[in-house]
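Here is how the chains run, residue by residue.
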Amino acid sequence: MRRIIACACTVHAIVLWAAVLALLQRSIRPEPARVAVMDPLQCAVTASVLFSERVVLPSGVESALVHIGHHGTIEHIERSASPTSSAAYAEARGLQFDDLRDQMISPGLIDVHVHVSAVGGRGWEGYATATRAAAAGGITTIVGMPLNSLPPTVSVSALDAEVARAAAEGLHVDVGLWGGVVPSSLSDGSLLPLLADERVLGLKAFLSPLPPAAGYEALLPERLRAAAAAAAREVVPLLVHCELMTAEEMEALQAAAAATPNGSRHFATFLATRPPLFERRAIQALIDIAAEIPSLRAHVVHLSDAGSPPLLRRAKLALGDRLSVETCPHYLVFSAEKVPDGETRLKCLPPIRGQANRELLWQGLADGTVDLIASDHSPCAPELRALDSGDFLRAWAGISGLQSSLQATWTAARPRGFTPLNLSTWWSERPARLAGLSSRKGRIAIGMDADLVIWEPEAPGVSDRLYTRHAGSPYVGRTSMLGKVRRSLVRGRRAYSDNPESVDGASHGPACGQMLRREQRA
C-alpha cells in the first residue's frame, strides 16, 4: 500500500513538473525585448503643491501642505495648513496647486516581496505588468525576489541580464532586487561579487526543498552560516524563507495527504503537509546564526505561524533591530477554516492557517513582534493552478495580490483599531529600512522622494480590472474591501490616476520608474 501511495504522489509531481517544463520549452527563448526609452520630457516633474486635511506624516495624520519640487523630492511641508493658505503659497511661487481636501496622502507603499521575472520566459509576471499593478494599488516601489527567472539572480551575469530586461520592459514604479544564494554560488565564488554589487539590496535563501523546475536550490543550515557571514561583511540583510524541512519529511507528508480519499480538494489536506514546526525550525536556525554573527541583519520572510512570535520576542530582546519579521495580507485576511474546496488560488507556502492563528498575527503587528507586511505576490500561468480539478496537492503555490494589498490590509486593519499611520509603518517606513532605502523613501518628509499614494480610506476599493499578466487573484470580487486609490506618484511623477471626473477613467503615466541601488551600508 505504501508503494502505491508513493507512486501516486510521484505521478502527481511528474504531471505538475511536466506542465512547468512544457511552459519553459515554449518560452525559454523569449521574444526580443521592446526597449522602453524613457522620454525626458514625459518624465519631467511639474513642481506642485498638494493640500489635504489628512496627510500621513511620521508624527501622525495632520492637515498639511506638501511642496513637490522639480527634482521629484519633497521641498517643503507646512503643518496646520488650510486650503486658502496652501493656494496662496502655490500662487506666490507660480506652482500648480491641487486641493485634495479629505482625500488622504500617504507615503507610497514599498513591497519588499514580489515574485517577478524578466529572464528565461516561463510565462509569469513581468516588470511592465507588475509595476502597472503596483502603481494602481498605491505601491511606488517593489523589490523583486531572485527566483522565478532562469537563471535566477545568483550571479553578477544573471543580475546584469535581469536588470537589462526589466529596464527594457518599462517600469511604472521604482524597482529594487534581492540577490539569491544557492549551494553552487557558495562553492564557485559567484556570491561575493554579487553581494558587492550595489544593485543588490540583500540576500535571499531557502532552507526547504524546492521543485527542480524552480531552478533554485535550498541551503543546509550549516551552509547558511557562510552566506550570512558574507551578507554581514557587505552590511546587507539576509532574508530567509521561514520553513525548514528535509526532502524525506516533505515526501512523507505529501504521500500521507495523497492517501486521503478525495482529500486533495480540501484545504485541510494540503495544510497538513506544512505544519508550523517547519516555520519554527527555520526561525530558530536564523536566530542562532544571527546570535553567532553580531553584525548580521536577519529577516524572517512571510511569517504564517502565530506560534512563533514568543520565540521571536525573546530573540528580539537579545538581537534588537538586527532581527525583523514580515507577514502577508493573505495571512491577515483569510483563514483555513473558510477556504472553499478547490480554491487553489489560496495555496501558498507557508500556508494560510486558522482563524485563531490569524488574530495572533494581528497581535504580533500591534506589539511590534512582526515589523512589516509584504505581498509575496507570486502569480503563475493559469494551467499551473489546477483550477479545473481544484487539486491543492497538484496546484502551484503562490497568491496574486500585488494590486490589492493596500485594500486587503486596510479593510482588515481598520475594524481592529489600526490607523493609516500604522499602515504606513508596516508598508512604507519599515520596508524602506529593510531594503536600505530609508534615506530616500518610506516617509513624507523634506528631502525624501515624493513617492505618494492619494486615496480614499472609506471608499469601496475593490477592482475587477487587474493589470497583472494573469487573472486569478482571490481578492477579485470581494466587494467589502475599502480604500480607493485615486493617484500614485513616483518621485513626483504620475504613475497612476483614477479620476472619476475624467472621461479616460483609470490610466497610467509614462514608464518613468528606475532600478534602485542600495544607498546605506550600515
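Residues numbered from 1 in each chain as written. Predicted model: local features only at pLDDT ≥ 70, side-chain atom pairs only at ≥ 80, totals over all residues. Heavy atoms only, no water.

1. Let's talk about the nonpolar core
Quick note on the threshold: Nine residue types can take part in a nonpolar core, namely buried Ala, Val, Leu, Ile, Met, Phe, Trp, Tyr and Cys, and a core is a set of them joined through side-chain atoms within 4.5 Å. Residue burial is assigned from relative accessible area. The probe radius is 1.4 Å, only protein chains are included, and a residue is buried under 20% of its type maximum, exposed over 50%, and partly exposed in between. Here, two residues are considered to be in contact whenever any of their heavy atoms come within 4.5 Å of each other.
Within the largest apolar cluster, 100 residues are counted, with the highest numbers of intra-cluster contacts made by Leu238 and Leu296. Excluding residues within four positions of it along the chain, leucine 296 makes contact with Ala228, Ala231, Ala232, Leu238, Ile289, Ala290 and Arg322.

2. Thoughts on the sheet that holds strand S13 (residues 372-373)
Heads up, the rule is: DSSP bridges decide pairing: two strands pair if at least two such bridges lie between them. Put simply, DSSP H or I for four residues or longer makes a helix, DSSP E for two residues or longer makes a strand, and each gets a number counted from the N terminus.
In spatial order, the strands read S6-S7-S8-S9-S10-S11-S12-S13; together these eight strands make up an open sheet with parallel pairing. Strand pairing shows two members of the sheet lacking a second neighbour, strand S6 (109-114) and S13, which therefore form its edges. In this sheet, strand S12 (residues 323-327) lies alongside strand S11 (residues 298-301) in parallel orientation, the contact comprising three bridges. Looking at S12, one finds that alanine 298 is bridged to leucine 323.

3. Details of the pattern of salt bridges
Stated precisely, the cut-off is as follows: Throughout this description, the term salt bridge denotes a Lys or Arg side-chain nitrogen within 4 Å of a carboxyl oxygen of Asp or Glu.
Following the criterion strictly, the structure yields 26 salt bridges and no others. The residue arginine 280 makes a salt bridge to aspartate 305 at a minimum N-O spacing of 2.7 Å. Residue arginine 280 is found in helix H10 (residues 276-292), and its partner aspartate 305 is found in the loop between S11 and helix H11 (309-319); the two are separated by 25 residues along the sequence. Residue arginine 280 is classed as partly exposed on the basis of its relative accessible area of 36%. Given a relative accessible area of 2%, aspartate 305 falls into the buried group. For arginine 486, the salt bridge is made with aspartate 498, and the minimal N-O distance between the two is 3.9 Å. Within this pair, whereas arginine 486 is found in strand S15 (residues 482-490), its partner aspartate 498 is found in strand S16 (residues 493-498), the two being separated by twelve residues in sequence. When sorted by exposure, arginine 486 lands in the same class as aspartate 498, which is buried. One network of salt bridges, in which partners are shared, links Asp174, Arg440, Lys441, Asp449, Asp451 and Arg491.

4. Some words on the environment of aspartate 288
With respect to the helices and strands, the residue aspartate 288 is situated in helix H10. Judged by its relative accessible area of 33%, aspartate 288 falls in the partly exposed class. With twelve residues separating them along the chain, aspartate 288 and valine 300 place their C-alpha atoms 13 Å apart.

5. Considering the packing of helix H14 (residues 405-413) against helix H15 (residues 420-434)
Geometry of a packed helix pair, given as the angle between the helix axes and the separation of the axes. Which entries qualify depends on this criterion: Angles shown run from 0 to 180 degrees and are taken between the N-to-C directions of axes, each axis being a line fitted to C-alpha atoms and, for helices, limited to the stretch in contact. Roughly parallel means an angle under 35 degrees; roughly antiparallel means over 145; roughly perpendicular covers 65 to 115; every other angle is labelled oblique. Crossing handedness is read from the near helix: turned anticlockwise from the far helix by less than a right angle, it gives a left-handed crossing, and turned clockwise, a right-handed one.
Axis separation between H14 and H15 bottoms out at 11 Å; the angle between their running directions is 135°. The orientation of H14 relative to H15 falls into the category oblique. The two elements H14 and H15 meet at a crossing, and its hand is right-handed. Of the residues in H15, those touching H14 at Ser405, Leu406, Thr409, Trp410 and Ala413 are Pro420, Leu423, Trp426 and Trp427.

6. A word on the pairing of strand S2 (residues 60-68)
Bridge count for strand S1 (residues 48-57) against S2 is eight bridges, and the pairing is antiparallel. What sits directly across from valine 49, in S2, is histidine 67. Between S1 and S2, which pair antiparallel one after the other, the connecting turn spans two residues. Between the antiparallel neighbours S2 and strand S3 (residues 74-79) lie five residues, among them glycine 72 with a positive phi of about 80°.

7. A look at the pairing of S16
With respect to burial, S16 is a largely interior element, five of its six residues being buried. Connecting S15 to the antiparallel partner S16 that follows it, the hairpin turn spans two residues, and arginine 491 within it adopts a positive phi of roughly 50°. Looking at chain direction, S16 and strand S17 (residues 506-508) are connected through three bridges and run antiparallel. Across the sheet, serine 497 pairs through a bridge with serine 507, a residue of S17.

8. Focus on the environment of aspartate 341
Rules: By the criterion applied in these results, polar contacts are pairs of N or O atoms within 3.5 Å in which, for protein atoms, one can donate a hydrogen and the other can accept it, and in which residues neighboring in sequence qualify only through two side-chain atoms.
In this fold, aspartate 341 is placed in the loop between helix H12 (329-333) and helix H13 (355-367). Separated by 49 residues in sequence, aspartate 341 and glycine 390 place their C-alpha atoms 7.2 Å apart. Excluding anything up to four places from it in sequence, aspartate 341 contacts Arg265 and His266. Within polar-contact distance, the side chain of aspartate 341 engages the side chain of histidine 266 at 3.1 Å.

9. Some points on the packing of aromatic side chains
Working definition: an aromatic ring pair is given by the centre-to-centre distance plus the angle between the planes. Selection criterion: Aromatic rings from Phe, Tyr and Trp, with only the six-membered ring used for Trp, were paired whenever their centres fell within 6.5 Å, and each pair was classed as stacked if the ring planes differed by under 30 degrees, edge-to-face if by over 60, and tilted otherwise.
For the coordinates displayed, the defined rule picks out eleven aromatic pairs. Between phenylalanine 270 and phenylalanine 392, the aromatic rings sit 6.4 Å apart at their centres with planes inclined by 10°, giving stacked as the arrangement. Of this pair, phenylalanine 270 sits in helix H9 (residues 267-271) while phenylalanine 392 sits in the loop between S13 and H14; the two residues are 122 residues apart in sequence, bridging distant segments of the chain. The two residues phenylalanine 270 and phenylalanine 392 agree in class, both being buried. Taken together, a centroid distance of 6.4 Å and an interplanar angle of 70° make the contact between tyrosine 467 and tyrosine 496 edge-to-face.

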